[in-house]
Amino acid sequence: MDSAKIRSEFLDFFSSHGHKILPSASLLPESPNLLFTNAGMNQFVPYFLGSQEPIDRRVADVQTCIRAGGKHNDLDDVGFDTYHHTFFEMLGNWSFGDYFKKEAIELAWELLTKVWKFPKNRLYATVYHPNDGEPAEFDQESFDIWSEIFASEQLDPEVHIKKCSRKDNFWMMGDTGPCGPCSEIHMDLTESGDTNGNIVNAGSCMCLEIWNLVFIQYNANSDGSFKKLAQKHVDTGMGLERVVGIMATTNNFSDFSRQPSNYDSDLFSYIFAELERLSGLKYAGTISVSRSFMSDTEKVDFYFRAIADHIRTLTFGIADGILPGNEGRNYVLRRILRRAVLFGKKMGLPSGFFAKLSEVVIEKMGKIFGQLIDNKAVIYDTLVREEISFDRTLGRGIRVLEKICSSNKSGMISGEDVFLLYDTYGFPIDLTKLMAEERGLGIDMEAAEQEMDRQRQRARSSQKKVSLAVASVDKEKISFVGYSLDKNKKFFAEVVGIVDDKTGNFVILDSTPFFAEMGGEVGDTGSLCLDGRSIEVLATIRNESNLVLHRLPKNVGLKLGDRVECVVDMERRKSIQRNHTATHLLHFALRDVLGDHVKQAGSLVDSTKLRFDFNHFSPLSDEQIHDIEYIVTRCILENLPVKCETMPFAEKPDNCIAFFGEKYGKIVRVVTIGCISCELCGGCHAASTGEIGFFKILSESAISAGVRRIEAVSGFAAFSFVEKVIGDLKNISKKLSCSIDKVFENFTHMIEHSACMESQLKMLKNSKNEAVANALVNNCSLKNDLKFILDVIDVENIADLKSIALLLSKKLSDGFWFVLCGKMPDRSGAVLISCSRKALANGIKANLMLKKLSEKIDIKGGGNEELAMGGVKQSSLFSERLETLKNL
């Protein structure tokens, strides 16, 4: 049975039982503390926490997941066994306050045994039974439900139900929060199938967990107690790879003679076929008992499995907008990619093989996951560039590692060497570990982590932070009222906090129209007025407690309780608003021109310019930049309305984009521009796009691998930029005595004429150098059967001296040596000595000769036996000491 059918039957089954079928969520999670979507339940966490209303009380889906890096990391085991993956699909069904244990268990049993025909006698269930000191109580309810099911199938419940402790059968979201017991379904895959469940949860690959049913019925409190929830939920997960792998290995449960493998299914066989075609090798399905001592066949099979897993991870990850990079989740993808490329090289695969593999993955999976087809070009180009980038450092890094390994006598690669390979040569630590294991060496991970910590500390110490604590102020009572300001209306506030320390002088107001720096937008400036005095507000920031602080000059004399008039610099604010709204338009245009993989990776919005960092794999062409500017300009001219609304997070539109690095609470602010842009944003904006006036991109560049940066201007700043450019063009046109529209044409003619003149000058110079070389040859002497030249010549520069020396070497053929003293127009000089192989055989060496000459003339330089050269400050010394040189 193929994977597509299993997927389809799973969804059809739960749809027929009243479940709403949802699409797979992005691998880029909304939760700020997750690297990737690593479980089917990630997108439903707000439902469990009660922060959002469920979209339906019963749902089911097939969720793509990545487990690599962070708490859930399967990378180290991938390829060495047959059931761990960095990328996998999780089949899941959920009940949010609807059905509970009985229906969940009965639905699972029905699908497995009646739809998919799993052999009932090989299935075992586990239920929660706490040890002393473990939470909650024995899950009697699940035990009774399973007992009834197994008894009805003439199977002994005492044999087929296993009681397990917290480690295997109690699920917690974290130290506190929703939690509960779980019931797992395991399958005996031994040939005889008569283990009576004795190898359940025993770490044997011959008895695998295939489905986990989690019953969320408690809330874990901070004091260690557990309280029953008013609403109970069901959260289940079943790995598609494992299910279809078992079916494939057992030939639909008819043959249990082989060791089960997820890689036997059609989810991997097509990748293996392409790897076999590219490498000429065959996949034999062997598993090594030792990672350090593998046979050639076992190594090849390990490479097959790892590469097949990793190409799926990269293909799906990039399709969801996660590009390989240097930090966080982006670096995890780069590690996985480099691991795969290294294994490919060990198999003798050609450069570029990894990108080619993505094409077969897209062809196989694109019908189900449309984002693969939509981002096909992005996926391929990204993989090609990453492979080329890794190739540049791989050879050098391998040579360094080989040197480290060959000189190693302790059996352990030091932490310093591990960090050197990582930091200097781009070697992920797991690659160093793998290559060390192949040579029977370990790595000092503790010391390596210490080196990494020291690097992080250096990075942290280089950052400038403002940390201000104001414990006496209730931040909940402070409000920001500055999104919409009427310049004709006065605004007053009371001083409720004062901080005066080495970081500056700050005041806190009970309410404020000043926007505090946040999300890339700079803070407002302006003034506070009191008793006829105007006190400048230099900046507005937030401290770590999220309090708004107004930076003032020193010794301004404000005190608690003072009531001040707040005056925001509205001209500056309007410029900031124009740039911020233009940033949203730029984001829309980038996604329209480059693709939906574009994600914000940072921004800066101030009164003079805007800066936007985004994920993309290559430089933008002039045509793409033109198209982006055109789209933004069109949106400005259409004068689209900009609408800002506050709403519960759960009610935000489906097409709403969240910005990089932001953490959102239950209530969010949604900024919508016409029908083209919808983003979560807490910043200040223009009322309509027409207020932006004008937009111009100044530059586009790379700031790190996979991250590009655009700098642009809008409004008056854009006008000033264009005005300066046109002014410069006018001045150039005057110099060229032509109109502005003819500047490019005339300038092109000038360049062509200049190139022609340079070519002629080069020909003249070559002709002159040829004549000098011929004259030197005609005047050469013969000493000890060697042609010899010592002369002083006038040259324009060092390049001419080298050119003449090269001509001499060709004309004299073998059996020569010469000393050329070049005099240059600035009165400096250079000495060049060249010796043929015959001269070397006679004991004449250029570098030794230069050293002897430097004893008589101050020459700074060096070289080898065949060619040596040095500079002289005063070329007049050549004429004065020519006879001395000849005697030497």
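Residues numbered from 1 in each chain as written. Predicted model: local features only at pLDDT ≥ 70, side-chain atom pairs only at ≥ 80, totals over all residues. Heavy atoms only, no water.

A short note on the overall build of the protein chain
Phase 1 of the analysis: A tally of helices and strands in the protein chain yields 25 helices and 34 strands.
Phase 2 of the analysis: Over its C-alpha trace the protein chain gives a radius of gyration of 37 Å, far above what one expects of a compact globule, namely 29 Å for 888 residues.
Phase 3 of the analysis: The principal-axis extents of the C-alpha atoms in the protein chain amount to approximately 115 × 85 × 50 Å.
Phase 4 of the analysis: By residue count, 49% of the 888 residues in the protein chain fall in the buried class. (Helix = DSSP H or I, 4+ residues; strand = E, 2+ residues; numbered from the N terminus. Rg over C-alpha atoms; globule rule 2.2 N^0.38 Å. Buried < 20%, exposed > 50% of the residue type's maximum accessible area, 1.4 Å probe, protein only.)

Overview of helix H19 (residues 715-736)
Phase 1 of the analysis: An ideal rise of 1.5 Å per residue puts 32 Å on 22 residues; H19 measures up with 32 Å between its terminal C-alpha atoms.
Phase 2 of the analysis: Listing the buried residues of H19 in full gives Gly715, Ala718 and Ser733. Looking straight down H19, one finds that the buried residues subtend no more than 75° of arc, so they occupy a single side. For H19, exposure combined with an orientation more than 90 degrees from the buried face picks out Phe716, Lys724, Lys734 and Lys735.
Phase 3 of the analysis: In this structure, the buried side of H19 is in contact with helix H17 (570-594), strand E27 (695-704), strand E28 (707-714) and helix H20 (743-778).
Phase 4 of the analysis: Phi turns positive, to about 55°, at Ser737, one or two residues after H19. (Expected span 1.5 Å × (residues − 1). Arc of directions from axis to C-beta. Contact = heavy atoms within 4.5 Å.)

Observations concerning the sheet that holds strand E26 (residues 677-680)
Phase 1 of the analysis: Pairing is mixed in the open sheet, where 4 strands are placed in the order E23-E25-E26-E24. Strand pairing shows two members of the sheet lacking a second neighbour, strand E23 (642-648) and strand E24 (657-658), which therefore form its edges.
Phase 2 of the analysis: Where E23 meets strand E25 (residues 667-673), 7 bridges bridge the pair, whose relative direction is antiparallel. Note that in E25 the partner of Thr646 across the bridge is Arg669.
Phase 3 of the analysis: In the packing of H17 onto the sheet, the strands contacted are E23, E24, E25 and E26, and the crossing angle to E25 comes to about 70°. (Pairing = 2+ DSSP bridges. Axes fitted to C-alpha atoms, helices over the stretch in contact; angles between N-to-C directions.)

Re the nonpolar core
Phase 1 of the analysis: Judged by nonpolar contacts, the single largest core of 124 residues is most densely connected at Trp116, Phe118, Trp146, Trp211, Ile307 and Phe354.
Phase 2 of the analysis: It is helix H9 (residues 296-319) that provides the largest number of residues to this core, a total of 12 residues.
Phase 3 of the analysis: In this structure, Phe354 is in contact with Ile307, His310, Ile311, Leu314, Leu337, Ala340, Val341, Leu383 and Glu387, ignoring residues within four places of it in sequence. (Core = buried A, V, L, I, M, F, W, Y, C linked by side-chain atoms within 4.5 Å.)

Looking at the packing of H20 against helix H21 (residues 798-812)
Phase 1 of the analysis: Remark: H20 packs on H21, axes separated minimally by 9 Å, with the N-to-C direction vectors making an angle of 50°. Classified by the interaxial angle, the pair formed by H20 and H21 is oblique. In this structure, H20 crosses over H21, and the sense of that crossing is right-handed. Counted together, Lys765, Asn769, Glu770, Val772, Ala773, Asn774, Leu776 and Val777 of H20 and Asp800, Ser803, Ile804, Leu807, Leu808, Lys811 and Leu812 of H21 form the full contact between these two elements.
Phase 2 of the analysis: The residue makeup of the contact of H20 with H21, split by class, is 8 nonpolar, 3 polar and 4 charged. (Parallel < 35°, antiparallel > 145°, perpendicular 65-115°, else oblique. Left-handed = near helix turned anticlockwise from the far one by under 90°. Nonpolar A, V, L, I, M, F, W, Y, C, P; charged D, E, K, R; others polar.)

Remarks on the side chain of Ser618
Phase 1 of the analysis: In this fold, Ser618 is placed in the loop between strand E22 (610-615) and helix H18 (622-637).
Phase 2 of the analysis: Take Ser618: its relative accessible area is 9%, and that puts it in the buried class.
Phase 3 of the analysis: Those residues in contact with Ser618, other than ones at most four positions away along the chain, are Arg385 and Arg708.

Considering the packing of aromatic side chains
Phase 1 of the analysis: Applying the stated criterion across every chain yields a total of 34 aromatic pairs.
Phase 2 of the analysis: Here Phe272 and Phe304 contribute two aromatic rings whose centre-to-centre distance is 5.7 Å and whose plane-to-plane angle is 75°, an arrangement assigned as edge-to-face. Here the residue Phe272 occupies a position in helix H8 (residues 266-279), and Phe304 occupies one in helix H9, the gap between them amounting to 32 residues.
Phase 3 of the analysis: Residues Phe316 and Phe369 carry aromatic rings whose centres are separated by 5.2 Å and whose planes lie at 80° to one another, so their mutual orientation is edge-to-face. Residue Phe316 is located in helix H9, and its partner Phe369 is located in the loop between helix H11 (353-365) and helix H12 (370-374); the two are separated by 53 residues in the primary sequence.
Phase 4 of the analysis: Taking relative accessible area as the criterion, Phe369 reaches 6% and is therefore assigned buried.
Phase 5 of the analysis: An aromatic cluster is present here, built from Phe44, Tyr47, Phe48, Trp94 and Phe96 joined pairwise through their rings.
Phase 6 of the analysis: Positioned above the aromatic ring of Phe256 is the side chain of Arg122, whose terminal nitrogen or guanidinium carbon lies 3.5 Å from the ring centre.
Phase 7 of the analysis: Of note, Arg669 hangs over the ring of Tyr483, and the distance from its end group to the ring centre comes to 3.5 Å. (Phe/Tyr/Trp six-rings, centres within 6.5 Å; stacked < 30°, edge-to-face > 60°. Lys NZ or Arg CZ within 6 Å of the ring centre and 35° of its normal.)

Some thoughts on the sheet that holds strand E17 (residues 533-537)
Phase 1 of the analysis: If you trace the 7 strands from one edge of the open sheet to the other, you get E17-E16-E20-E13-E14-E19-E18, paired in antiparallel fashion. Looking along the sheet, the strands with just one partner apiece sit at the ends: E17 and strand E18 (539-542). For this sheet, the mean inter-axis angle between neighbouring strands, taken without regard to orientation, is 40°.

Thoughts on the pairing of strand E30 (residues 786-794)
Note on strand geometry: in a regular strand, side chains alternate between the two faces of the sheet.
Phase 1 of the analysis: The pairing of strand E29 (residues 781-783) with E30 spans 3 bridges and is antiparallel. Along E30, the bridge assignment pairs Leu782 with Lys787.
Phase 2 of the analysis: Here E29 hands over to E30 after 2 residues, with Asn784 in that stretch at a positive phi of 50°.
Phase 3 of the analysis: As judged from the 8 bridges shared by E30 and strand E31 (residues 816-823), these two strands associate in the parallel manner. Bridge pairing links Val792 to Cys821 in E31.
Phase 4 of the analysis: Between the parallel elements E30 and E31, the chain passes through H21 in a crossover that is right-handed. (Right-handed = clockwise from strand over helix to strand, strands pointing away.)

Overview of the pattern of salt bridges
Phase 1 of the analysis: Counted by the stated rule, this structure contains 30 salt bridges.
Phase 2 of the analysis: Linking Asp524 and Arg573 is a salt bridge whose minimum nitrogen-to-oxygen distance equals 2.7 Å. Taken together, the residues span a long stretch of sequence, with Asp524 in the loop between strand E15 (511-512) and strand E16 (526-530) and Arg573 in helix H17 at a distance of 49 residues.
Phase 3 of the analysis: On the accessibility criterion, Asp524 (1% relative accessible area) is buried.
Phase 4 of the analysis: Across the pair Lys643 and Glu645 runs a salt bridge, and its minimum N-O distance is 3.9 Å.
Phase 5 of the analysis: By relative accessible area, which is 46% here, Lys643 ends up partly exposed.
Phase 6 of the analysis: Note on Glu645: relative accessible area 32%, which makes it partly exposed. (Salt bridge = Lys/Arg side-chain N within 4 Å of Asp/Glu carboxyl O.)

Points about a nonpolar patch on the surface
Phase 1 of the analysis: Judged by side-chain polarity, Leu698, Phe721, Val725, Ile726, Leu729, Ile732 and Ile740 come together as a nonpolar surface patch covering roughly 500 Å² of accessible area.
Phase 2 of the analysis: Tallying contributions element by element places H19 first for the nonpolar patch, with 5 residues.
Phase 3 of the analysis: In this structure, Phe721 sits in helix H19.
Phase 4 of the analysis: Under the relative-accessibility criterion, Phe721 is labelled partly exposed at 32%. (Patch = residues over 30% accessible without salt bridge, like charges linked within 9 Å, V, L, I, M, F, W, Y side chains within 5 Å. Areas by Shrake-Rupley, 256 points an atom, 1.4 Å probe, with all protein chains shown as cover.)

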